[in-house]
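Each chain, written out:
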Amino acid sequence: MAESNGLRLLIDEPFYQPVANEVRVFLAAWDRRLPVMLKGPTGCGKTRFLEHMAWRLKRPLVTVACHEDLTSSDLIGRFLIEGNETVWQDGPLTRAVREGAICYLDEIVEARTDTTVVIHPLTDHRRHLPIEKLGIEITAHRDFMLVISYNPGYQTVLKDLKPSTKQRFVGMNFHYPPADVETRIVMKEAGVDEGRAKALVAAAGKARNLKEQGLQEVTSTRALIYAGALMVAGLDALEACVVAIIHPQTDDPELAEALLEIFRTFFPEQG
Amino acid sequence: MSAATEDILDHLAAISFVAGRDARAALPAVTSLSETAVLRYLETGRDLFFYDREAGKAFFHATADLMQAFGGLDPWLDQARHFLSQRGTFRAAVGFFEQAGAVRRSRGADGEALWFDLGATWIDRHVDSAASYFRVPAAILFGNAGTEGLRALLAPADTLARGRLGLGTYLEGAIRVRGICGLDGVAEWARRGADVLAAGRVRGEAWFRLESDEARNFLLEVLPGFHMGAHKRLFGLLLQAWTGLHLPLEEGGWSLEGGRSFLETDGRSLFVPAVMPDREEALLAFYHTGAHLVFDSYEQDAIRALFAETGMEHPPLDSDQRMTWRPLFARFGEDMIRFQLIFDLCEDLRVDVALEREMPGYLARVVRAARGHHLPEGPARYYYEAGLRLLEDARAGRLSAGLAVLTTPQAGIVDAFRAALTWYANTDLPPLTLAERASAYLPGHSPNAARPVYPRRKRDSDAPEMDGGGGLGAAGHEEKPRESPQQAEGNDPDMDIPPEDIQGTGGRVGVGIPMPAKVTGSGRGVKGPRGGWAYREWDYRHQSYKEDWARVHERSLREYDEAKAIEIAIAYDGTLRRLKQALQAQKPTRMAPRRRQYEGDEPDLEAAVQFMVERRAGRSPKASVYQQRRPQQRDTAVLLLADLSTSIMAEAGDSGVRVVDRLRAAMLLFGEALVEVGDPFALYGFASKYHDEVLLYPIKRFADRFDTRVRALLGGLSGRLATRMGAAIRHSSRLMLRSPAQRRLLLILSDGRPADYDDGGDPRYLQEDTRMAVKEAQDLGIHAFCISLDPRGGEYLPLVFGPGHYLVLPHLDSLPARLPEIYLRLRGHSA
């Protein structure tokens, strides 16, 4: 990976196991430089997919993790004081616009609405970024592409993306992959054998049924990979599931016990 | 025979023919004894007979048996004389004579002596208690714990006697308690019972008779084994995880007589016993029963096919739309239980093997648990062993061809039935009784046809997989028949007033569409129940109030429907979760920094830099360079008042959706959202039947918790009667004044105009009164806001509530999601 001025150019291929038509759709959107919106639950592979596509397209990637206190100047840039002078510093979005990178705004709904509207002119035919403080408007590099992600679970009554924002994007839905694909992913990523990968995926399938029972997020593919990795690192299988999957997922003792019971079925305790 | 002996016999015969005859008949048993001994014997008999005829008869009748058991007169003759010491001991004496021989034989001299002594102390103390004692079959009294056990059982009774509790009451309860939780349990039960008795006689006696809830609850507490009540949620979660089913768990039957308790299902709920032997068995029971549900043991087509297989008509469903398998077994007559057990073995095998495909190691767990148990006694043992062998053979792939069929993924209950018929035709499994059947099942297994079931629909899946491939959703059972409008307490005028007698616009049908009103006069002077709260009512025609005209009564709703509440929660899961997350982000306690403030506790670094930059660049920026962290204070209490009139039971247009369906969901979501917000809130419903019976139904008062009970109440909401809104608003205002909050919001949810049976058919009358009630509320500092489903609401709501204080929802379906949202918007405005 090469990194310069906040832009990452991925040299090695990030592993991504396509599930459906997502690669084809993304390439088509790229071809027309249309902005893309990735929707899906936590840990289902949205970010990994984008890294893979950036690598494939050989474009640098700028990732901004959005949060409530993110301001438009965090995205666009600001004046800094250097000695006795004020110096303009581009924000990540501006850099990507100038240099033709893929700008990835992760969990965009976390940002305030007034922040997100700055991307509007970039997402239609204009492909402009107005920089108010400099009094200029820059035209995007021809290889610039905007990608946002959001987790519909986080979507809120009061904090939803405005329909006018949403409609500017090509929407791609992500879900946890089917069991056989997920097994391959866990094997590949965690380096765990097929038996344990299958068991992890089967257990997660059951655990995901508990979604409406107080689990805000269900067991993610990422958590399965962590559990597999810990097994490879020498932890007992059940212990690995507890620390990688159950503990991070819930504080509710009964829910934790139910999850433990499920994982214990697939990874019986030793002795 | 000596003269003295003859004297006594003659004396007895002279007094009573029976006495003489019985004495003579008993004599041969004692003739081998010395003259003095015989004399002593006869004297005792005579004394007893003179003292009480029945006691004497019992004495003579028992003589032969007692002589044989004791080998002489000692000590029973002396013991018998003890009954002469008090009046009215004959019942105790009869019990003694009937049992003493058997006690001597089974418990030895010491045992008999203890048995007598323990009872004899009560002769002096309380004759009836002594009678109760001696009349309890001694084998039951001793139980399994011998003489020490008897002593321990009786020990608490002495203390209780001081509280004037008779031994009869105590013993009956104590023996049952001992059967359930052992002698230690009895001691604890008696200790607590003494306190209860001290607190009140009636309560205490109910405790000792095991008739009160507190006694039952106590027993549940001390019951040995794994207590299911404390772990219900865990089991519910596991059931959902493995099967994708979200079924209500209800309390199963629990008998004070003990015995084995099973997890049962009716296809729609699971009935959980109070205790199970251990956690593992409880888990296995849930897995196994869940597997029956998802692998179609109760699927309607499969059961139909089952009946077709036997050439029988599918039996008609019962009044609850449930079906029973009994007709299937009936043809086996007296051998019914045997066949039913064999069928259960086959069907359990099919389901267990199917479950094993999903849950690796399940069969091994059942086998392990079954081996860990004591084998049952009697014929049940053969069935238990057969079940165990089946599972072991299934694991090892050794099943006979006839049974191996059941282990294929395509096998169904009909295959199990066929296999059972073949097995039954060739079996030497012994017949057994219903009582013995209970112990014939392996751990976690239970009679599959224990309850009538609501037939289930087949899952939409080709490859049978437990949770249908991760698909969530409500149980695939048949829809319950639609509820009809419930009657309120008292009679519903809709039902019992002849149509020509109805005067007014009450009893609307359909959303907000009043029935054509035929006015024939003013309201009927029907006398409703007294009591309640009287409120004035505005009469626009006279431009004055009718004092104490409307009478409001608070009534409890009685229809609980937890299953419906769960169903709604599932259907609106997404909406609810989004709502909750939005609210969490908004929680006033979350100390989010407020940036770019003119004053504050800490500098806003970024704003400060920008300020400096802009200053240097020659501009004149605003000095908003601080940030503050403080929770935003919002103190709003809300009372949601829902119109529960008959019209909510109607469908909106021809959509097939009833107002009440969305109303339940809306109120549930509202409640869940408010819990998250943390604002004090209350939920009420209202309906009315004439001016003196305006009914307000508290669903959740301000002080109540929003818990399962409230949810179940909301699930069971239904419509009744009419809509006298003004009085309901006045009463709600009074309730709200009691809640401590700076801002009070009265949210009214309705589907039509205010109307009642006695409004004289003048829609304006109650409308004007409602307007006045809203105005009065406003004067008290209560903001009223109306959400209406009446498409014509725009005609009158602005007049009643004022512009901006109402909202007409054109789409009924949007109500559940909109209601909390509207509240939050209102709350934001008033904050």
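Residues numbered from 1 in each chain as written. Chains lettered and ligands numbered in written order. Predicted model: local features only at pLDDT ≥ 70, side-chain atom pairs only at ≥ 80, totals over all residues.

(A) Looking closely at the overall build of chain A. On a plain count of helices and strands, chain A comes out with 11 helices and 11 strands. Counting only residues that meet the buried cut, chain A has 42% of its 271 residues in that class. Considering only contacts in chain A between residues 6 or more positions apart, those separated by 24 or more positions represent 71%. (Helix = DSSP H or I, 4+ residues; strand = E, 2+ residues; numbered from the N terminus. Buried ≥ 20, exposed ≤ 12 C-beta atoms within 10 Å, placed from the backbone. Contact = placed C-beta atoms within 7 Å.)

(B) Region of the structure containing the overall build of chain B. Looking only at helices and strands, chain B features 32 helices and 16 strands. Across the 831 residues in chain B, those meeting the buried criterion constitute 44%. Long-range contacts, defined as pairs at least 24 residues apart, comprise 73% of the intrachain contacts of chain B with a sequence gap of at least 6.

(C) Local environment of the nonpolar core. Ranked by internal contacts, the top residues of the largest apolar core, which has 100 residues, are Val-186, Ala-227 and Cys-241 of chain A. With 11 residues, the single largest contributor to this core is helix H17 (residues 336–358) of chain B. Setting aside residues up to four positions removed in sequence, Ala-227 of chain A forms contacts with Leu-200, Ala-240, Cys-241, Ala-244 and Ile-245 of chain A. (Core = buried A, V, L, I, M, F, W, Y, C linked by C-beta atoms within 7 Å.)

(D) The confidence of the model for chain B, seen in detail. Residue and element names in this part refer to chain B. The share of residues in chain B with pLDDT of 70 or more is 87%, and the mean pLDDT across the chain is 81. Predicted confidence in chain B is weakest over helix H23 (residues 493–496), with a mean pLDDT of 37, and strongest over helix H18 (residues 362–372), with 94. The low-confidence segment residues 460–464 (pLDDT under 50) makes 6 contacts with residues lying over four places distant or belonging to another chain. Below a pLDDT of 50 lies the segment residues 469–526, which in the model reaches 132 contacts outside its immediate sequence neighbourhood of four places, other chains included. Model confidence for the complex is summarised by a pTM of 0.61, with the ipTM given as 0.79. (pLDDT = per-residue confidence, 0-100.)

(E) Looking closely at the pairing of strand E6 (residues 85–90) of chain A. Counting buried positions along E6 of chain A yields 0 of 6 residues, so the element is predominantly exposed. In this antiparallel pair of consecutive strands, strand E5 (residues 77–82) of chain A and E6 of chain A, the connection spans 2 residues, and Gly-83 of chain A shows a positive phi of 60°. (Pairing = 2+ DSSP bridges.)

(F) Structural detail: the packing of helix H27 (residues 659–677) of chain B against helix H28 (residues 708–715) of chain B. Residues and elements named next belong to chain B. Relative orientation of the contacting elements H27 and H28 amounts to 160°, with a least axis distance of 9 Å. Classified by the angle their axes make, H27 and H28 are roughly antiparallel. For the pair formed by H27 and H28, the contact residues are Arg-664, Met-667, Leu-668 and Gly-671 on the first element and Val-710, Arg-711, Leu-714 and Gly-715 on the second. Of the residues contributing to the contact of H27 with H28, the split by class is 4 nonpolar, 2 polar and 2 charged. (Axes fitted to C-alpha atoms, helices over the stretch in contact; angles between N-to-C directions. Parallel < 35°, antiparallel > 145°, perpendicular 65-115°, else oblique. Nonpolar A, V, L, I, M, F, W, Y, C, P; charged D, E, K, R; others polar.)

(G) Looking closely at the sheet that holds strand E2 (residues 249–251) of chain B. Residue and element names in this part refer to chain B. Pairing is mixed in the open sheet, where 3 strands are placed in the order E2-E4-E3. For this open sheet the edge positions go to E2 and strand E3 (264–265), each flanked by a neighbour on one side alone. Note that E3 and strand E4 (residues 270–272) share 2 bridges and pair antiparallel. For Glu-264, the partnering residue across the bridge sits in E4 and is Phe-271.

(H) Focus on the packing of helix H6 (residues 90–125) of chain B against helix H7 (residues 127–135) of chain B. Residues and elements named next belong to chain B. Remark: H6 packs on H7, axes separated minimally by 4 Å, with the N-to-C direction vectors making an angle of 160°. For the element pair H6 / H7, the angle class is roughly antiparallel. Crossing hand, H6 versus H7: left-handed. On H7, the residues touching Arg-91, Ala-92, Gly-95, Phe-96, Gln-99, Gly-119, Trp-122, Ile-123 and Arg-125 of H6 are Val-127, Ser-129, Ala-130, Ala-131, Tyr-133, Phe-134 and Arg-135. When grouped by side-chain class, the residues that make up the contact of H6 with H7 number 9 nonpolar, 4 polar and 3 charged. (Left-handed = near helix turned anticlockwise from the far one by under 90°.)

(I) Summary view of the sheet that holds strand E14 (residues 743–750) of chain B. Residues and elements named next belong to chain B. Here we have 8 strands laid out as an open sheet, ordered E6-E7-E13-E12-E11-E14-E15-E16, and mixed in their pairing. What marks the edges here is a single partner per strand, and that holds for strand E6 (533–539) and strand E16 (806–808). Here the strands of the sheet are splayed against their neighbours by 25° on average, with no regard to which way each runs. With 3 bridges connecting them, strand E15 (residues 782–788) and E16 associate as parallel partners. Each residue of the ladder has a partner; that of Ser-788, found in E16, is Val-808. Each of strand E11 (636–643), strand E12 (681–688) and strand E13 (694–700) is contacted by H27, which is oriented at about 170° to E11, the strand it contacts most.

(J) Fine view of H18 of chain B. All names here are of chain B. Among the residues making up H18, those that are buried are Tyr-362, Arg-365, Val-366 and Ala-370. All buried residues of H18 lie within an arc of 130° about the axis, which places them on one face of the element. Among the exposed residues of H18, those oriented more than 90 degrees off its buried face are Arg-371 and Gly-372. Along its buried surface, H18 packs onto helix H14 (279–294), H17 and helix H19 (380–396). (Arc of directions from axis to C-beta.)

(K) Main features of the pairing of strand E9 (residues 136–139) of chain A. Residues and elements named next belong to chain A. As paired strands, strand E8 (residues 128–131) and E9 are joined by 4 bridges and run antiparallel to one another. Within the sheet, the bridge partner assigned to Ile-131 lies in E9 and is Ile-136. Between the end of E8 and the start of E9, which pair antiparallel, lie 4 residues, with Gly-135 showing a positive phi angle near 70°.

(L) Structural context of the environment of Arg-53 of chain B. The residue Arg-53 of chain B is located in helix H4 (residues 53–70) in this model. Considered as a pair, Arg-53 of chain B and Phe-90 of chain B are 37 residues apart in the sequence and their alpha carbons are 8.4 Å apart.

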